[in-house]
Structure formats: C-alpha cells, structure tokens
Amino acid sequence: MGTKVIVSQLLLLMWYQLSQAATMVPASPCSDKFSYKFYPGSKQIIGYIQLSGLNADVTNTLEVKVYEGASRSGQKTYLNTYKSLDSTYNDIKNYGTAKFWLNFALQCPIPVLVSMSINGKLICSGTPRQAVRTMTHSIIPPKKTAAPTVGRIFSAPAQTTAKPIVTSSAPVEKQDICGTFSLLTDLSFNGTPSRVGQFPWAVPLFHHNATSGLKYFCGGTIVTDRHILTAAHCTINMRPQEILAIPGKHNISNTFAINGAVHANVQQIVSHEDYDSDSEHLVDQDADIAVLRLEQSLTFTNLIRPICLWRDQNSPSVNRNQKGLVSGWGLTENGYANTSSYYTSTIVSKQQCSDNMGVSIPNRARLFCGDGSGSVACEGDSGSAMAVKHDNRFYLRGLVSKAAWDPLIGKCDTTKYVMYTDVSKFIGWILQKIDNDDGDDGDDYNYDYDDE
C-alpha cells in the first residue's frame with residue numbers, strides 16, 4: 001500500500017514538472033531589447049520588443065526569428081507594432097524608439113527568440129536553431145508612402161495608361177455630400193459596371209498580419225468623418241491597432257494610399273453589447289454591428305464621403321420589396337476581387353427568408369434578408385452596406401452579416417438569400433456611440449438631412 005502511494009506521488013510530481021516545463025518562459029538573449037511579459041489585462045504571455053537609435057527618415061525593417069518547438073503543432077507567432085502605426089512612427093521621429101510585440105497563438109511551449117535584426121544589422125542573437133519562423137515588419141516614413149506600412153515593402157506600382165483620378169483639394173462641406181457620389185472613371189468588373197467613386201462610403205478594412213503584411217478581411221461604411229460601421233463578427237479578437245482602413249480605395253491589389261485613397265488607423269472598436277458570436281440562435285447574433293473610431297478625422301472628397309443614416313425608424317425604407325445596392329470586395333465566382341463590385345438586392349419578408357434559408361427567423365430578430373436574384377454577398381463582403389436611394393441620397397439600410405455556403409462547390413450559394421443587420425433598429429445605439437464619443441468635437445454628425 002505504501003509503495004503504491006509513493007508511486008502515485010512520484011507520477012503526480014512528474015506530471016506537475018512536465019506541465020510547468022511546458023509553460024516555462026525561456027530566457028531572453030538580450031534583456032535590454034526583448035523580454036517576455038503578460039499582455040496588459042490578460043494572462044497571455046507575449047514577446048515585448050523595445051528598439052532605440054532608429055532614424056525616422058529611412059524605412060526601418062525589423063526581422064525576428066523564433067523557434068516554436070520541434071513539432072510546431074498549431075503554433076504560430078505574429079509580429080505587430082505595440083502601438084498604432086502613426087504612434088510608432090511618431091515615437092521614432094521624436095525619440096528614435098519603437099515598440100513591437102510577438103503574439104504567440106499557443107502558450108505551450110512559449111517560442112524561443114533566436115535573433116533580431118534591424119535594417120539588416122544583427123542586434124540580438126540567441127542559440128542557433130533549425131526550422132525557425134522568420135517575420136519582418138517595416139515602418140515606412142510618410143515621404144515614401146502616405147502612411148507607415150507593415151509586413152513588407154511594396155515596390156512602386158507599374159505605370160498604366162489609365163487617366164489619373166483627380167480629387168478636390170479643398171474639403172467638401174459635410175452637409176452637402178451625405179449619401180451622394182461623383183463618378184470619376186469607368187471601370188469594368190466581369191462585365192458588370194463598377195465605377196471609381198460610385199460608393200464613396202465603402203471602405204476596405206485590412207488586418208495587420210506579421211507574416212503576410214496587410215490582408216483585406218471585411219468591408220466598412222463611413223457614417224461620419226471619424227466613424228466607420230462594420231459587422232461585429234469581423235472584429236472578434238482584434239485590437240484597434242491591428243486594423244487599417246483605406247477610404248477612397250477602389251483597387252485593393254495594393255495598399256498604397258494613392259489616387260485619392262488615404263490610410264486611416266483605428267483608435268477604438270465598439271461592438272454592440274448584445275452580439276453573442278458563440279450562440280447558435282439568430283436572435284443572439286442579430287446585433288452584428290460595430291463602430292470603428294478613427295485616430296484622425298477624414299477629409300471628405302469625391303472618393304471619400306459618408307452615407308446617410310435614417311433618423312426615423314419608421315422611414316419608408318423598411319418596407320418589403322425595397323431595392324438596395326450592395327458593394328464589396330468579397331469572394332466572387334472567379335475568386336477574390338481586386339476591385340469592388342456591386343449588385344441589386346430586394347428586401348423580402350422574414351417568412352420568405354425562413355423558407356429560403358431553411359431556418360426559423362423570429363419576428364423580433366433585428367435582421368432582414370435580401371434577394372439578389374442570383375447575386376449574393378460572400379466571404380469578405382461582411383460589414384459592407386446595403387444602400388437604398390431616397391430623394392437623390394443613399395441611406396444605410398443594412399450591413400452584410402451572413403450568407404449560405406455551398407460545401408459541394410466551395411462557394412456561396414447563389415440560390416439563397418443574404419442576411420443583413422437591420423441598421424434601422426440600431427440608429428439610437430449608433431447615435432449614442434457617436435455623440436458620446438469622448439474627445440470628439442461634437443460635430444461629426446451635423447449633416448443636413450431631409451426630414452422624412
């Protein structure tokens with residue numbers, strides 16, 4: 001009996017030691033530049049990088065190599081700036097310093113730092129390892145691009161014969177442009193007309209990815225010079241500094257702030273408190289809406305304008321058979337699109353939607369469905385607007401939330417409807433988040449709307 005107890009205790013001790021070893025934090029080969037610490041407000045261990053002696057007039061490229069273990073089973077490490085891009089560049093400019101962090105997807109084991117280099121110069125060296133993960137992150141001064149860029153340095157765009165897009169150099173008065181557009185250049189998308197400046201409120205959103213640079217993930221809609229609406233499910237587990245909005249961008253084959261487009265960093269993400277991504281019930285997911293507050297106000301131009309918001313929840317736009325335009329950069333029959341496309345969608349009843357989608361949609365659900373007559377929003381279109389026209393202005397009717405996926409063909413099912421967040425049900429919440437925006441000047445939403 002005593003022997004069995006001793007053996008059990010030894011096994012328990014071995015298990016404890018193994019579990020401790022699995023989560024053991026490695027030693028830093030250069031504690032003045034790199035350390036392991038807990039991310040603020042969480043129990044997640046991250047790699048914290050502090051650099052000094054940087055020159056703001058040149059591109060600063062950080063290269064980091066880590067060893068993730070022999071198996072690397074499911075482990076991925078991501079390199080990001082610790083602050084926003086603008087704040088990071090300002091730190092380099094004012095103090096010659098910059099902070100980065102390594103996000104470890106798994107916490108067991110914690111990856112080991114192998115080396116760090118800045119602009120090709122080795123600044124930290126640990127024990128050499130095989131099968132390391134290499135990540136780079138570049139901060140480019142504004143004179144080379146319109147704003148700091150991450151992930152990789154893009155070569156200059158090739159010259160084309162297309163006419164340059166000319167935008168007004170003077171700001172456009174807010175009250176004159178809500179829901180209006182000025183077409184500039186005709187383009188074509190798979191035979192369907194798609195024009196630069198046709199949807200100036202539509203914004204592509206990009207994720208700062210340490211391994212692949214900037215990657216498009218969702219659409220957004222400008223509602224003020226400081227706020228963008230998108231779907232709440234787009235921003236799950238994202239931090240503001242991981243999102244870059246590029247208002248005025250039509251072709252996302254590159255992320256340059258050119259031809260009237262601008263880089264806009266996100267300062268705050270406010271998702272609706274009712275949204276529950278873990279629930280299987282549509283009512284718990286109907287509040288699929290989030291407000292992105294930008295670090296700096298936008299200057300409205302022919303390519304960058306807000307859409308109008310309904311102020312009256314009983315506006316005529318909530319009726320069935322109302323038609324709206326949906327634009328986005330999502331998945332098409334030919335793969336992901338570089339330029340935005342659009343289609344017309346007709347609002348249907350909840351009963352029609354239930355029958356078509358094969359799910360029960362309660363009347364209290366704050367969503368609606370649209371029939372695109374063979375055209376549907378798909379992966380990457382989430383957060384994009386359905387815009388309806390009224391008195392020569394476009395108003396925000398809904399945000400793309402869900403579409404049916406056909407696993408047999410690996411594409412969205414064009415015979416099914418698309419579900420939209422019913423923006424008219426959230427007008428009060430939206431205005432509250434905008435009007436109560438701390439640090440705001442209170443003028444963001446002073447648009448001259450026609451009374452409904």
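Residues numbered from 1 in each chain as written. Predicted model: local features only at pLDDT ≥ 70, side-chain atom pairs only at ≥ 80, totals over all residues. Heavy atoms only, no water.

As recorded in an unreviewed UniProt entry, the protein goes by the name Peptidase S1 domain-containing protein, listed as coming from Aedes albopictus.

### Thoughts on the sheet that holds strand 11 (residues 202-209)
The six strands lie next to each other as 11-12-13-16-15-14, forming a closed barrel whose pairing is antiparallel. On average, adjacent strands in this sheet sit at an angle of 45 degrees to one another, irrespective of strand direction. Inspection of the sheet shows strand 15 (residues 264-271) paired to strand 16 (residues 290-294) by five bridges, in the antiparallel sense. Residue pairing for strand 16: Val-266 is matched across the bridge by Leu-294. (Pairing = 2+ DSSP bridges. Helix = DSSP H or I, 4+ residues; strand = E, 2+ residues; numbered from the N terminus. Axes fitted to C-alpha atoms, helices over the stretch in contact; angles between N-to-C directions.)

### Describing the environment of Asn-80
Its location among the elements puts Asn-80 in strand 4 (residues 77-81). For Asn-80, a relative accessible area of 6% gives the class buried. Asn-80 sits 22 residues away from Leu-102 along the chain, and the two C-alpha atoms are 6.5 Å apart. Ignoring sequence-local partners within four residues, the contact set of Asn-80 consists of Phe-100, Trp-101, Asn-103, His-137 and His-208. (Buried < 20%, exposed > 50% of the residue type's maximum accessible area, 1.4 Å probe, protein only. Contact = heavy atoms within 4.5 Å.)

### Concerning the packing of aromatic side chains
Across all of its chains, the model carries nine aromatic pairs by this definition. Measuring from centroid to centroid gives 5.0 Å for Phe-34 and Tyr-36, while their planes differ by 85 degrees, and the two rings are edge-to-face. A residue is classified by how much of its surface remains accessible, and Tyr-36, at 15% relative accessible area, is buried. When the centroid spacing of 6.0 Å and the interplanar angle of 75 degrees are considered together, the rings of Phe-206 and Tyr-216 count as edge-to-face. Of this pair, Phe-206 sits in strand 11 while Tyr-216 sits in strand 12 (residues 213-222), placing them ten residues apart in sequence. What makes Phe-206 buried here is its relative accessible area of 1%. A connected cluster of aromatic rings, assembled from ring pairs, spans Phe-199, Trp-201, Tyr-342 and Phe-394. (Phe/Tyr/Trp six-rings, centres within 6.5 Å; stacked < 30°, edge-to-face > 60°.)

### Topic: the sheet that holds strand 6 (residues 112-118)
Across the sheet, which stays open at both edges, the four strands sit in the order 7-6-3-8 with antiparallel pairing between neighbours. The open sheet has two edge strands with one neighbour each: strand 7 (121-125) and strand 8 (133-139). Neighbouring strand axes in the sheet, compared pairwise and without regard to direction, differ in orientation by 20 degrees on average. For strand 3 (residues 60-67) and strand 6, the ladder comprises six bridges, and the chain directions are antiparallel. When the sheet's bridge partners are listed, Leu-62 is paired in strand 6 with Ile-118.

### Describing helix 4 (residues 427-435)
Turn by turn, an α-helix covers 3.6 residues, leaving residues three or four places apart pointing in a common direction. Considered for burial, the residues of helix 4 that qualify are Ile-427, Trp-429, Ile-430 and Ile-434. Down the axis of helix 4, the buried set is contained in an arc of 165 degrees. They therefore lie on one face. Where the residues of helix 4 are buried, they touch strand 13 (227-230), strand 15 and strand 16. (Arc of directions from axis to C-beta.)

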